[in-house]
Amino acid sequence: KISKNHALLQLRACKRKGAQDGEVMRRVFIKDSSTFGTFVNGKALKKGEWSILQEGDAIGLRNPHGNPSNGEYRVAYQDAQVLVNGALARGDKPVQAVPASEPSGGAK
């Protein structure tokens, strides 16, 4: 099963080891907040602890054994502009922005 609030993802700027001053890389971190478990490369994450995701890591929300049809995602660090240009070259249409909805039951 997948929990309503299964896991948190956070993009962080990190200093690269041995890098010049000011040189950073962006990396995604994940934290399990589920009832049923979140898996990276088939291993269960410790609940409530942040873990860095590496290129090619498999994130499993339902199946720790690598079945993409059961809620698995792969990490790929790529330049967003390269992805957009590739999509446009294939003839894909750009995605239209959708305004955020107001939370229900909020203050008026």
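Description of the structure in this document.

What counts and how
Residues numbered from 1 in each chain as written. Predicted model: local features only at pLDDT ≥ 70, side-chain atom pairs only at ≥ 80, totals over all residues. Heavy atoms only, no water. Helix = DSSP H or I, 4+ residues; strand = E, 2+ residues; numbered from the N terminus. Buried < 20%, exposed > 50% of the residue type's maximum accessible area, 1.4 Å probe, protein only. Contact = heavy atoms within 4.5 Å. Areas by Shrake-Rupley, 256 points an atom, 1.4 Å probe, with all protein chains shown as cover. Lys, Arg positive; Asp, Glu negative; His and termini not counted. Salt bridge = Lys/Arg side-chain N within 4 Å of Asp/Glu carboxyl O.

1. Things to note about the overall build of the protein
- What the protein contains, in helices and strands, is 1 helix and 7 strands.
- In sequence order, the protein lays out its α and β elements as β-β-β-β-β-β-β-α.
- Within the protein, the fraction of its 108 residues that count as buried is 23%.
- Taking the intrachain contacts of the protein between residues at least 6 apart in sequence as the baseline, contacts between residues at least 24 apart amount to 28%.
- Just so you have it, the protein exposes about 8,600 Å², and 52% of that area is on carbon and sulfur atoms.

2. Some points on the side chain of Asp-32
- Secondary-structure assignment places Asp-32 in strand β2 (residues 24–32).
- Lys-47 provides the closest opposite charge to the buried, unpaired Asp-32, separated from it by 5.0 Å.
- If sequence neighbours within four positions are ignored, Asp-32 has contacts with His-6, Gly-37, Thr-38, Leu-45, Lys-46, Lys-47, Gly-48 and Glu-49.

Purely geometric numbers; function is a separate question.
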